[in-house]
Amino acid sequence: PMAAAPTGLDAFLDDIAPYFYRRALTYVDIGAFRGEVLERILKSKLRLRAAHLVEPNPASLAEARERLAGQFK
């Protein structure tokens with residue numbers, strides 16, 4: 001069976017990826033919560049140079065760090 005077409009954020013990331021061809025992006029997320037958006041970006045076709053997450057809730061920031069551990073070199 002065919003895989004379902006991406007929707008929502010995943011579809012948006014697929015749509016913009018060609019405009020950033022061979023360019024690494026710097027991602028800044030103010031109010032990053034648990035890092036879900038960055039996690040989806042890392043799974044997309046976009047390339048990241050750096051990511052900066054700001055989250056005032058210490059518990060959410062700790063969860064984001066745990067969720068994203070090992071996904072950066």
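Residues numbered from 1 in each chain as written. Predicted model: local features only at pLDDT ≥ 70, side-chain atom pairs only at ≥ 80, totals over all residues. Heavy atoms only, no water.

Caption draft 1: Geometry of the nonpolar core. Leu13, Ala17, Tyr27, Leu38, Ile41, Leu46 and Leu68 form the largest nonpolar core, which has seven residues in total. Look past the residues within four positions of leucine 38 in its chain and what remains in contact with it is Tyr27, Leu48, Ala51, Leu53, Leu68 and Phe72. (Core = buried A, V, L, I, M, F, W, Y, C linked by side-chain atoms within 4.5 Å. Buried < 20%, exposed > 50% of the residue type's maximum accessible area, 1.4 Å probe, protein only. Contact = heavy atoms within 4.5 Å.)

Caption draft 2: Up close: the pairing of strand S1 (residues 24–30). Note: S1 against strand S2 (residues 47–54), seven bridges, orientation parallel. Counted as the bridge partner of leucine 25 is leucine 48 from S2. After leaving S1, the chain enters helix H2 (residues 36–42) and then returns to the sheet as S2, a path that is right-handed. (Pairing = 2+ DSSP bridges. Helix = DSSP H or I, 4+ residues; strand = E, 2+ residues; numbered from the N terminus. Right-handed = clockwise from strand over helix to strand, strands pointing away.)

Caption draft 3: Layout of the pattern of salt bridges. On inspection of all chains with the given rule, the structure shows four salt bridges. As a salt-bridge pair, glutamate 36 and arginine 34 come within 2.8 Å of each other at their nearest N and O atoms. Arginine 34 gets classed as partly exposed once you look at its relative accessible area, which sits at 28%. A salt bridge links arginine 67 to glutamate 39; the shortest N-O distance between them is 2.7 Å. Separated by 28 residues along the polypeptide, arginine 67 in helix H3 (residues 58–68) and glutamate 39 in helix H2 bring together distant segments of the chain. Residue classification places arginine 67 among the partly exposed residues on the basis of a relative accessible area of 29%. Of the residues examined, glutamate 39 reaches a relative accessible area of 16% and is grouped as buried. Salt bridges sharing common partners tie together Arg34, Glu36 and Glu63. (Salt bridge = Lys/Arg side-chain N within 4 Å of Asp/Glu carboxyl O.)

It is worth stressing that arrangement in space is one thing and function is another; only the former is reported here.
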